[in-house]
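# Coordinates in review
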Amino acid sequence: HEGILLLREGQFKVGQATFGMLCKLGVRSVQVMEGMGLSVLRISPKEVPLLGITDSQVVQRVGNAACLSALKNFDEANQEYAKLLNDFPDFPNMHYAFGLSLVESNDIPKGVEQFKMVIQHDPKNAAARLEIAAALYKVDSGAALPYAKEAVILNPQQPFAHYILGLLLLDTNEYVKAIPELEIASKAFPREKKIFFALGSAYSRAGRRQEAEKARATFDRLNKESQSDSSLTY
């Protein structure tokens, strides 16, 4: 029920993690497979009544593949995704779901290729751009940067997009431009220590010592509180 509510709120990543926990507990009901499928396809439960019988079956198959991925059975998961793409090449966000599994299995190039195919079919898809930016961070931040910038333009109300853009700007030595992006993210995720660590680094490199000390103090406090559940998602 928590997973369905998260999906209704558009929190697909957190919903995916919730259904993934059920997969790890061995729960493989139709409802769990459907919920898992909806999460990786980024489909709201509100849209389920509009799906036909075949579409519902496809969603459940995707859920099964995503469940295999959550269990780290990547070979089986990716084989199932390949079959799904062969059978339903135009199903919305199928390439996106496959890309998630490929990135989780650490096959970054093929994962990025899938996300690019999503953009090819849906030029205004911000989520696929964020996945590319996140996947390429630290691998090739320069190549990732345009995707993060486009995601922010397409969805300026998405705090995670500002966070990824801030990280990439910081990593490419554009720390002054990184600061406002990270500040936006810090207001949306006030208990996410990773943001304050990055913000402290950006302030320090920009010569803003007092603000750097304050950000680091916040990071230290949050780190000591050892918040186990990250709220940093989209």
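The coordinates are above.
Attention here is on the structure that accompanies the text. Just so it is clear, the structure is predicted and the values come from calculations on it, not from any experiment.

Assigned secondary structure in the chain consists of 13 helices and zero strands. The globule rule puts the C-alpha radius of gyration for 234 residues at 17 Å, and the 19 Å found for the chain is close to it. Once the C-alpha set of the chain is aligned to its principal axes, its extents read approximately 60 × 35 × 30 Å. Each of the 234 residues in the chain was classed as buried or not, and the buried ones make up 48%.

Our focus in this paragraph is the side chain of Ser141. Among the secondary structure elements, Ser141 is positioned in helix H9 (residues 141-154). A distance of 2.5 Å separates the side chain of Ser141 from the side chain of Asp171, its partner in a polar contact. Leaving out residues up to four positions away in the same chain, Ser141 has contacts with Leu136, Leu168, Asp171 and Thr172.

According to the stated counting rule, one finds one disulfide in the structure shown. A disulfide bridge connects Cys23 with Cys67, and the sulfur atoms are separated by 2.1 Å. The chirality of the disulfide connecting Cys23 with Cys67 is left-handed, given an S-S dihedral of about -140 degrees. Taken together, the residues span a long stretch of sequence, with Cys23 in helix H2 (residues 12-24) and Cys67 in helix H4 (residues 53-70) at a distance of 44 residues.

So, on to the layout of surface pockets. Roughly 170 Å³ of internal volume is contained in the second largest pocket. Lining of the second largest pocket is provided by His1, Glu2, Gly3, Ile4, Thr18, Phe19, Leu22, Gln31 and Glu34. Considered class by class, the residues forming the lining of the second largest pocket number three nonpolar, four polar and two charged.

Tracing the sequence through the fold places Asn125 in the loop between helix H7 (108-121) and helix H8 (126-136). A polar contact is formed between the side chain of Asn125 and the backbone nitrogen of Ala127, at a distance of 3.1 Å. Those residues in contact with Asn125, other than ones at most four positions away along the chain, are Asn93, Val118, Ile119 and Leu154.

Our next topic: H4. Here H4 contains 18 residues, and its C-alpha end-to-end distance of 26 Å stays within 8% of the 26 Å for a straight helix at 1.5 Å per residue. Residues of H4 that are buried: Ser56, Val58, Val59, Val62, Gly63, Ala65, Ala66, Cys67, Leu68, Ser69 and Ala70. Lining the buried residues of H4 we find H2, helix H3 (30-41), helix H5 (74-87) and helix H6 (94-104). Lys72 occupies a position one or two residues after H4 and carries a positive phi of about 65 degrees.

It is worth spelling out the packing of helix H10 (residues 159-171) against helix H12 (residues 193-205) at this point. Their axes nearest at 11 Å, the elements H10 and H12 cross at an angle of 40 degrees. By the angle between their directions, the pair H10 and H12 is classed as oblique. For the element pair H10 and H12, the recorded crossing hand is left-handed. Across the interface between the two elements, Tyr163, Leu167 and Leu170 from H10 touch Lys194, Ile195, Ala198, Ser201, Ala202 and Arg205 from H12. Here the residues of the contact of H10 with H12 sort into six nonpolar, one polar and two charged.

Moving on: the pattern of salt bridges. This model, assessed by the stated rule, comprises 10 salt bridges. The salt bridge partner of Arg61 is Asp87, with a shortest N-O separation of 3.6 Å. Within this pair, whereas Arg61 is found in helix H4, its partner Asp87 is found in helix H5, the two being separated by 26 residues in sequence. Look at Arg61 and you get partly exposed, because its relative accessible area is 27%. Given a relative accessible area of 41%, Asp87 falls into the partly exposed group.

What counts, and at which threshold
Chains are numbered independently. Their residues run from 1 in the order of the written sequence. Reporting in this predicted model follows two pLDDT cut-offs: at least 70 for local features of residues, and 80 or more for side-chain atom pairs to be given and counted; totals over whole chains, interfaces and linings ignore these cut-offs and use all residues. Computation of side-chain values: all heavy atoms of the structure, hydrogens and water removed. The helix and strand labels rest on DSSP assignments: H or I over at least four residues marks a helix, E over at least two residues marks a strand, and numbering proceeds from the N terminus. Restricting the calculation to C-alpha atoms gives the radius of gyration, and the globule rule supplies 2.2 Å times the number of residues raised to the power 0.38. For every residue, the accessible area (1.4 Å probe, protein chains only) is compared with the maximum for its type, and the residue is labelled buried under 20%, exposed over 50%, or partly exposed between those bounds. For the purposes of these results, a polar contact is taken to be a pair of N or O atoms within 3.5 Å, where, inside protein, one atom must be able to donate a hydrogen and its partner to accept one; residues adjacent in sequence count only when each atom of the pair is a side-chain atom. A contact between two residues is defined here by any heavy atoms of the two lying within 4.5 Å. A pair of cysteine sulfur atoms is labelled a disulfide when the two atoms are within 2.5 Å. Here the term cavity refers to a set of points on a 1 Å grid, laid over the protein atoms alone, in which a 1.4 Å probe fits but cannot get out; the term pocket refers to an open set having protein on both sides within 12 Å along at least five of seven lines, with lining residues being those that place an atom within 4 Å of a point. Grid points are joined across faces, edges and corners, and a volume is the space filled by probe spheres set on the points. Three categories are distinguished: nonpolar for Ala, Val, Leu, Ile, Met, Phe, Trp, Tyr, Cys and Pro, charged for Asp, Glu, Lys and Arg, and polar for the others, with Gly belonging to the last. Expected span of a helix: the number of residues minus one, times 1.5 Å. Note on definitions: angles span 0 to 180 degrees between N-to-C directions of axes, and those axes are lines fitted to C-alpha atoms, for helices only across the stretch in contact. The scheme is simple: roughly parallel for angles under 35 degrees, roughly antiparallel for over 145, roughly perpendicular for 65 to 115, oblique for anything else. Note on convention: the crossing is left-handed when the near helix lies turned anticlockwise from the far helix by less than a right angle, right-handed when the turn is clockwise. Criterion for a salt bridge: a side-chain nitrogen of Lys or Arg within 4 Å of a carboxyl oxygen of Asp or Glu.

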